[in-house]
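Here are the chains, one letter per residue:
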Amino acid sequence: MKPLLHVEDLNAFYGDLQALFGVDFSVGEGECIAVIGSNGAGKSTLLRSVTGLHRGRSAKRLSLAGAEISQRAASEIVAMGMTLVPEGRRLFSSLTVEENLTIGRSAGRAGYWNLSRIYELFPTLLELGGRPVTKLSGGQQQMVAMGRALMTNPNLLLCDEISLGLAPVVVKGIYDNFARVRGQGTAVIIVEQDIGRALSVADRIICLRKGAVMLSGAPASFTRNQIAEAYFGVEGE
Amino acid sequence: MASGADVIVQGILLGGLYALFAMGLSLVFGVMRLVNLAHGDFIVAAAFAAFCVVSVLPIHPFLAIAAVVPFMAGLGYLIQLGLFNRLLGKDPLRPLLVTFGVSVVLQNALLMTFSADTRRLSAGSIETQSVDVGSVTIGVYPAVVFAMALAVTMALQWIFYSTALGQRLRATSDDPEIVGLVGVDHLRVFAIASAIAFAVIGIAGVLMAIRGNFDPFMGPARLLVAFEAVIIGGLGNFWGTLVGGIVIGLAQSIGAAIDPAYQTIAGHIVFFAVLLLRPDGLFPKVAHQ
Ligand SMILES: Nc1ncnc2c1ncn2[C@@H]1O[C@H](COP(=O)(O)OP(=O)(O)O)[C@@H](O)[C@H]1O
Ligand SMILES: [Mg+2]
C-alpha cells in the first residue's frame, strides 16, 4: 500500500529545546494509527509539526500523497487533504456553531462531508446551529471541532486528545462516530491518553517517549508489559 | 451665537468625519491586534492623492474617491503583505516602532513632494450650502460626510457579519493559527483586512481634504482623534467606533461654542473622562472565552 503520509527523520524544536528526535513513520490510505505516550512525550508536537502549525522542525522527508509538504503553510496542507482536530478544540469563539462548521469549506475540498452530513453524524448540533459555540457543553464543542475538520473533507484526519475532560459516555459517542468517518476511506491518526481505547481502535500504534519512537506496530504484536515499558520507560507491574 | 441645537447637530455631523478617521484603525486592531501609528499619515497621503487626481483630471473632488479608494486599498494590501505581516509576533514593540518609522518617512516624503504648503480641495457651492430644519441649520457637505460614515459603518458591519469573507475575518481574529486548519491563510486575510481599512482611509482622506485645509504634518493629530474614537467606542466594534467619533465631535463642538480655543481640548477631556469611567469603552466587545 502506498503511504498517504510519509515522515522520515523528523526533528522538532522549541528554541533550543528539542522536542522530537528522528521520528519516522508512515500512514497508509484508510489506516488508523494511535499515538500514545505520557504527558510531554511530544504527541501534540508531532501532530502540529506534520500539519504545518509548528514551523520549528526539519525532516529528511515529509510528504503527503507523494508531495513534499515541509515548506507548505498549514492552509495549503489542508487543501491537500490533511487536517487536525487540535488539542483543546480551539473553536472560533465569535462564530456560531454553524459558522464554525461551514468555515471548513474554505479548504476548497468537495467530498462526502457537507453541512447536512455533519448534522446527520452529530444530530445534537442541528438545533444548536445558530448558537455561539461558547454556550455549548464540552462534548458538543468537541463535536463541532470534529465537524469543522471533516468539512474540509480530509483524506487524513489527525485528532489530538479528543476525549480529554469529557464524560465516558460522551467519549464513547464520539468514538462510535469514528466508524462512519473511517467508512469514507479517511485515514486517521489519534492521540489518546486512554491506552485501552487506543489499542482497540487502531490498526497500528506508535508509542512516543521523550520525543522519540519507542515502539510501533500492530497492537496485537505487543504484550502489555512491552507497551508499559515503552510508555513509562520501566518494566510494567 | 449658534443655538444649542445647532451646536449639537454640528457636533454629531463632525463626529461622522472622526468616525471615518477611526474605522480603519478599529478594523485593523480588531482583526490582527496591530496598531498602525502611521494611520493618520495615510489619511493625509490619501488627501494628497485626491489633490493629484483633481489637478490632472477635471472632475469634482468628490469623484476623486473613485480613484483614491482602489489605490489606497491596493496600497494597504501590499504594505500588509510586504511589511506589516512581518511585524506580527510575540514582541508588541516591533509594530509600534516600525509604523512610527513609516509615519516619519511618509510625512517627509509628502513634504518633499508637495512642500509644506497648506492645501484644500474646492468642492464648489456644496461647501456652503445648507438647509434649515426648523431652527437648526444643517450644512449639506457635513451631512454628506456623516451619511458616508453611516454607510461605511453599515458596509463593514455587513461584510463582517453577513459574508463568507467576514466569517474568515472573524475566525482569523479569534485564532490566526487555527484558521490554517480549515484552509484559511491568515496572512492573506490580514492583507484583505488591511485593504478594506485603507479603502476607508481613502474615503476619509478625500472627505477631509474637501472639508478643510491639510498639510503633510497633520497625520498624528488625526491618529489621536481616531484612537480616542476607537477606544471610546470599545475595541473591535464598528457601531461603537461610530458612536466614539460622534462623542468626540460633540465634545469639540460644545467646547468650541463655549470658547473656540477649547475645541480640541474638550475632545481629549471627554476621552479621558470615558476612559476613567468605562476603561473598556462604551460598548466593550462581549467577552468570549
Ligand atoms: N510552546 C512550547 N514552548 C516550549 N516548549 C514546549 C512548547 N510546547 C511543548 N513544549 C515542550 O515540548 C515537549 C513535548 O510537548 P507536547 O508535544 O505538548 O507533548 P504531549 O502532547 O505529548 O503532552 C514537552 O517537553 C513540552 O514541555
Ligand atoms: Mg498534547
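Sequence order as written defines the numbering, with residues in each chain counted from 1. Written order decides the labels, with chains lettered from A and ligands numbered from 1. Reporting in this predicted model follows two pLDDT cut-offs: at least 70 for local features of residues, and 80 or more for side-chain atom pairs to be given and counted; totals over whole chains, interfaces and linings ignore these cut-offs and use all residues. Derived side-chain values reflect all non-hydrogen atoms in the structure, with water molecules and hydrogen atoms excluded from consideration.

Selection criterion: UniProt positions are given in the numbering used here, feature names are shortened, and annotations may be inferred rather than shown by experiment.
Per an unreviewed UniProt entry, chain B goes by Branched-chain amino acid transport system permease protein and derives from Neomesorhizobium albiziae. Taken verbatim from the UniProt record of chain B, the Subcellular location (unreviewed entry) comment is "Cell membrane". The heading Sequence similarities (unreviewed entry) in the UniProt record of chain B holds the text "Belongs to the binding-protein-dependent transport system permease family. LivHM subfamily."

Looking at an unreviewed UniProt entry, one finds chain A named Branched-chain amino acid transport system ATP-binding protein, with Neomesorhizobium albiziae as its source organism. Reading the Sequence similarities (unreviewed entry) entry of the UniProt record for chain A gives the comment "Belongs to the ABC transporter superfamily."

### Some thoughts on the overall build of chain B
Our working definition: Numbering of helices and strands runs from the N terminus, with a helix taken as a DSSP run of H or I at least four residues long and a strand as a DSSP run of E at least two residues long. Note that the radius of gyration is over C-alpha atoms, with the globule rule given as 2.2 Å times the number of residues to the power 0.38. We call a residue buried when its accessible area falls under 20% of the maximum for its residue type, exposed when it is over 50%, and partly exposed in between, using a 1.4 Å probe and counting protein chains only. We call two residues in contact when some of their heavy atoms are within 4.5 Å. Using a 1.4 Å probe, accessible areas were evaluated by the Shrake-Rupley method; residue-level cover was limited to the displayed protein chains. In this count, Lys and Arg are taken as positive residues and Asp and Glu as negative ones, while His and the chain termini are left out. In this description, the location of a charge corresponds to atom NZ of lysine, CZ of arginine, CG of aspartate or CD of glutamate.
Helix and strand content of chain B: 10 helices and two strands. When its helices and strands are written in sequence order, chain B yields α-α-α-α-β-β-α-α-α-α-α-α. Taken over C-alpha atoms, the radius of gyration comes to 19 Å for chain B, in line with the 19 Å a tight globule of 289 residues would show. Here the C-alpha coordinates of chain B stretch approximately 60 × 45 × 35 Å along the principal axes. Expressed as a percentage of the 289 residues in chain B, the buried residues total 51%. Sequence separation of 24 or more characterises 76% of the internal contacts of chain B that already satisfy a separation of 6 or more. Carbon and sulfur atoms make up 70% of the accessible area of chain B, which totals about 12600 Å². Treating the 13 positive side-chain charges of chain B as one cloud and the 14 negative ones as another, the clouds have centres 8 Å apart.

### Section: the interface of chain A and chain B
Under the convention used in this document: Each of two parts loses accessible area, computed with a 1.4 Å probe, when they are put together; buried area is these two losses added. Each reported salt bridge corresponds to a side-chain nitrogen of Lys or Arg within 4 Å of a carboxyl oxygen of Asp or Glu. For the purposes of these results, a polar contact is taken to be a pair of N or O atoms within 3.5 Å, where, inside protein, one atom must be able to donate a hydrogen and its partner to accept one; residues adjacent in sequence count only when each atom of the pair is a side-chain atom.
Counting residues at the interface gives 23 residues for chain A, matched by 17 residues for chain B. When chain A packs against chain B, the two sides together hide about 1800 Å² of surface, and 58% of this comes from carbon and sulfur. Run the count over chain A and chain B and you get four salt bridges. Note that B:Asp175 is salt-bridged to A:Arg90, the shortest N-O span being 2.8 Å. The tally of links between chain A and chain B comes to 12 residue pairs in polar contact (both at pLDDT 80 or more).

### Regarding the coordination of the magnesium ion (ligand 2)
Residue and element names in this part refer to chain A. Basically, it comes down to this: In this analysis a donor is any N, O or S atom within 2.8 Å of a metal ion (3.2 Å for sodium, potassium and calcium), and since water is not included, sites may seem incomplete.
Those protein atoms acting as donors to the magnesium ion (ligand 2) are Ser 44 (OG) and Glu 87 (OE), and they sit at 2.0 to 2.6 Å. In this pair, Ser 44 is assigned in helix H1 (residues 43-50) and Glu 87 in the loop between strand S7 (82-85) and helix H3 (97-102), connecting sequence segments 43 residues apart. Since its relative accessible area comes to 17%, Ser 44 is described here as buried.

### Regarding the pairing of strand S1 (residues 3-14) of chain A
Residues and elements named next belong to chain A. Stated formally: DSSP-based pairing: two strands are paired if at least 2 bridges between them are found.
One ladder, built from eight bridges, connects S1 with strand S2 (residues 17-28); its direction is antiparallel. Across the sheet, the residue bridging to Tyr 14 is Leu 17, located in S2. Hairpin connection of S1 to S2: two residues between the antiparallel strands, including Gly 15 at a positive phi of 60 degrees. Bridge count for S1 against strand S5 (residues 61-64) is four bridges, and the pairing is antiparallel. By the bridge assignment for S5, His 6 is matched with Ser 63. Relative to strand S4 (residues 57-58), S1 runs antiparallel, the two sharing two bridges. Bridge pairing links Ala 12 to Arg 57 in S4.

### Considerations on the UniProt feature "transmembrane region" (unreviewed entry) in chain B
Residues and elements named next belong to chain B. Within this numbering scheme, the UniProt entry marks residues 12-35, 42-59, 65-84, 96-116, 136-160, 189-211, 223-248 and 260-277 as carrying the feature "transmembrane region" (unreviewed entry). Taken end to end, residues 65-84 has its terminal C-alpha atoms 25 Å apart, with 100% of it in helix and 0% in strand. The straight-line gap between the two end C-alpha atoms of residues 189-211 is 33 Å; of that span, 100% is helix and 0% is strand.

### Remarks on the sheet that holds S7(A)
Residue and element names in this part refer to chain A. Heads up, the condition is: Only C-alpha atoms enter the line fits that serve as axes; for helices the fit covers just the stretch in contact. Angles between N-to-C directions range over 0 to 180 degrees.
If you trace the six strands from one edge of the open sheet to the other, you get S7-S8-S9-S3-S10-S11, paired in mixed fashion. Each edge of the open sheet carries a strand with a single partner, namely S7 and strand S11 (212-217). Taking each pair of neighbouring strands and ignoring which way they run, the sheet shows an average axis angle of 15 degrees. Where strand S10 (residues 204-209) lies against S11, five bridges are found, and the strand directions are antiparallel. By the bridge assignment, Arg 209 is partnered in S11 with Ala 212. Helix-sheet contacts for helix H7 (residues 168-183) involve strand S3 (32-36), strand S8 (156-160) and strand S9 (187-191), and the interaxial angle to S9 is about 155 degrees.

### Remarks on the pattern of salt bridges
For the structure shown, the criterion picks out 10 salt bridges over all chains. A salt bridge links A:Lys172 to A:Asp176; the shortest N-O distance between them is 3.0 Å. Of this pair, A:Lys172 and A:Asp176 both sit in helix H7, separated by four residues, roughly a single helical turn. For A:Lys172, a relative accessible area of 48% puts it in the partly exposed group. Looking at A:Asp176, the relative accessible area reads 46%, which means it is partly exposed. Of the charged contacts in the structure, one is a salt bridge between B:Arg120 and B:Glu127, with a shortest N-O distance of 2.9 Å. Overall, B:Glu127 belongs to the partly exposed group, its relative accessible area being 28%. A cluster of three or more residues bridged by salt bridges with shared partners is formed by A:Arg48, A:Arg90, B:Asp175 and B:Glu177.

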